[in-house]
Amino acid sequence: MKLQPQIGSEGSAAWLARVATQSLITEARLSPKPGLVDSRGSGAHHDLTLELMERSAHSLSPTFHALALQSWQRPADIALRQLVGRLGREGEAQMMAATGGVNTHRGAIWALGLLVAAAAMHGCEGSSSEIAASAAKLASLPDSCAPKVFSKGLLATRRYRVPGAREEAQLGFPHIMRLALPQLRRSRQSGATEEQARLDALMAIMTSLSDTCVLSRAGLEGLETMQNGARSVLVAGGTATAQGRAALAWLDKQMLALNASPGGAADLLAATLLVDRIACDNATLTPLPQHSHF
Ligand SMILES: CC(C)(COP(=O)(O)OP(=O)(O)OC[C@H]1O[C@@H](n2cnc3c(N)ncnc32)[C@H](O)[C@@H]1O)[C@@H](O)C(=O)NCCC(=O)NCCS
Ligand SMILES: Nc1ncnc2c1ncn2[C@@H]1O[C@H](COP(=O)(O)OP(=O)(O)OP(=O)(O)O)[C@@H](O)[C@H]1O
């Protein structure tokens, strides 16, 4: 059920910030996720822990709040794009300060930051497609203030000629809109628990994403292992079934052996949980069950 307070831009911005932070924490705690930090441990990451992910998520609340407030009922134009870019980079700096220089949520700031801004542009009354389309518009506008940095993600997109985090946003988040959200709802409707539905949504993303985290760490072999493994979990009936859970355990082992971690897919799951909460079209379709973290 959507519980957005009808108390204007300040109240709605605070609500959006809270839901965005909760979405990051829910994603981080969700278990068992292949190769990723979860309630069981650090996955394939030697420099990350669940405690660090949660601290990082909390450090981002002021960023999400500012993004929502500044984007409130504004159109997608260059001025807003530059403002959102500046706030996103300040958020990255806050994250780095909170984690002692470890990258916990760079990709997540990008995806959730754009979606929070887009939800606010629609005055918190947009549908999921409207929010994704406005986020895409913002992401497609040039940000002349952006520093020219050569990241690992950019390197992977050039080397393997695949779309990365930028393109995912510019295309209107197809992995959220066409794969994860529909899977989340399908799994809920077929009787899966909320945790299982969220794991299934993660699998749906992993069947097709060109995750530059995986490519940087484990190359094409890692990416194929991720995509095929996630597909077999869903083909087996998802994580609500014993076969699905066995396929997931096998995938977890493979990902750890390859030192591969689908950080981009994890970001998009957190973003899916956010859209699921904030989009107006979802309110009647998917009331949240009692045992949800939210
Ligand atoms: C676009 C970003 C993510 C940089 O992308 P780039 O590929 O160069 O970077 P980097 O390797 O550091 O991180 C990419 C991260 O995205 C995630 N990711 C990886 N693959 C994918 C994918 N296919 N789709 C979506 N996300 C992905 C991962 O978590 C990964 O760690 C972003 O940091 C950025 O440019 N920010 C600038 C500030 C800004 O404009 N913010 C506006 C919104 S708040
Ligand atoms: N639960 C999670 N566990 C691990 N990573 C996550 C999780 N949720 C999101 N991520 C994303 O994964 C990214 C971290 O991936 P990765 O560690 O490959 O990046 P890196 O710090 O650039 O690289 P490396 O650790 O290989 O030097 C973060 O940007 C974050 O957005």
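Residues numbered from 1 in each chain as written. Chains lettered and ligands numbered in written order. Predicted model: local features only at pLDDT ≥ 70, side-chain atom pairs only at ≥ 80, totals over all residues.

An unreviewed UniProt entry lists the chain under the name 2-(5''-triphosphoribosyl)-3'-dephosphocoenzyme-A synthase, with Buttiauxella noackiae ATCC 51607 given as the organism. Turning to the chain, the UniProt record has this under Function (unreviewed entry): "Involved in the formation of 2-(5''-phosphoribosyl)-3'-dephosphocoenzyme-A, the prosthetic group of the acyl-carrier protein of the malonate decarboxylase." Within the UniProt record for the chain, the comment given under Catalytic activity (unreviewed entry) is "3'-dephospho-CoA + ATP = 2'-(5''-triphospho-alpha-D-ribosyl)-3'-dephospho-CoA + adenine". (UniProt positions renumbered as here; feature names shortened; annotations may be inferred.)

How should the overall build of the chain be read in this particular structure?
Within the chain one finds 13 helices and zero strands. When the elements of the chain are put in sequence order from the N terminus, they spell out α-α-α-α-α-α-α-α-α-α-α-α-α. Taken against the 2.2 N^0.38 rule, which gives 19 Å for 294 residues, the C-alpha radius of gyration of the chain at 18 Å falls within 12% of a compact globule. Summarising its shape, the C-alpha atoms of the chain cover approximately 45 × 45 × 30 Å along the three principal directions. For the chain, the residues scored as buried account for 48% of the 294 residues in total. (Helix = DSSP H or I, 4+ residues; strand = E, 2+ residues; numbered from the N terminus. Rg over C-alpha atoms; globule rule 2.2 N^0.38 Å. Buried ≥ 20, exposed ≤ 12 C-beta atoms within 10 Å, placed from the backbone.)

Before we go on, may I ask you to explain the site of ligand 1 in this structure?
The environment of ligand 1 is formed by 30 residues, the closest being Gly88, Gly107, Gly113, Gly153 and Gly264. Among the elements of the structure, α4 (78-99), α5 (106-121), α7 (152-160), α8 (165-170), α11 (212-235) and α13 (263-278) are those that each provide at least two residues to the shell around ligand 1. Broken down by element, the residue count for the shell around ligand 1 peaks at six residues, all from α5. Residues belonging to the shell around ligand 1 are distributed by class as follows: eleven nonpolar, eleven polar and eight charged. (Near = placed C-beta within 6 Å. Nonpolar A, V, L, I, M, F, W, Y, C, P; charged D, E, K, R; others polar.)

Please clarify how unusual backbone geometry should be interpreted in this entry.
What is expected of a backbone is that most residues other than glycine have negative phi and most peptide bonds are trans. The omega angle of the peptide bond from serine 31 to proline 32 is -5 degrees, so this bond is cis rather than trans. Looking at the secondary structure, you find proline 32 in the loop between α1 (8-29) and α2 (50-59). For glutamine 73, which is not glycine, the phi torsion reads 50 degrees and is therefore positive. With respect to the helices and strands, glutamine 73 occurs in the loop between α3 (61-71) and α4. With a phi close to 60 degrees, cysteine 124 is a non-glycine residue in the positive phi region. Counting through the fold element by element, cysteine 124 comes out in the loop between α5 and α6 (128-140).

I tried to follow the environment of arginine 186 on my own but got confused; where do I start?
Residue placement: arginine 186 occurs in helix α9 (residues 174-189). With 15 C-beta atoms counted inside 10 Å, the residue arginine 186 sits in the partly exposed group. Considering only alpha carbons, one finds arginine 186 and alanine 76, 110 residues apart in sequence, at a separation of 32 Å.

Teacher, can you tell me more about the nonpolar core here?
Core analysis: the biggest nonpolar cluster contains 87 residues, and Leu16, Leu112, Leu115, Val116 and Ile205 have the highest contact counts within it. Per-element tally for this core: the top contributor is α5, with 13 residues. Aside from chain neighbours lying at most four places away, what touches leucine 115 is Ile131, Ala135, Ala271, Leu274 and Val275. (Core = buried A, V, L, I, M, F, W, Y, C linked by C-beta atoms within 7 Å. Contact = placed C-beta atoms within 7 Å.)

What should I look at first to understand the environment of alanine 265 in this one?
Relative to the assigned elements, alanine 265 resides in helix α13. Other than its neighbours up to four places away in sequence, alanine 265 contacts Leu202, Ile205, Met206, Leu209 and Asp211.

Help me out: how do you make sense of the site of ligand 2 in this one?
Near ligand 2, the surroundings consist of 19 residues, among which Val37, Asn103, Gly107, Gly263 and Ala266 are the closest. At the level of secondary structure, the elements contributing two or more residues to the shell around ligand 2 comprise α1, α5, α11 and α13. Per-class residue counts for the shell around ligand 2 are eight nonpolar, six polar and five charged.

Help me understand α13 in this model?
Owing to its 3.6 residues per turn, the α-helix brings residues three or four apart onto one side. Helix length check: α13 (16 residues) gives 23 Å between terminal C-alpha atoms against 22 Å at 1.5 Å per residue, within 8%. Taking burial as the measure, the 16 residues of α13 include 16 buried ones, the bulk of the element. (Expected span 1.5 Å × (residues − 1).)

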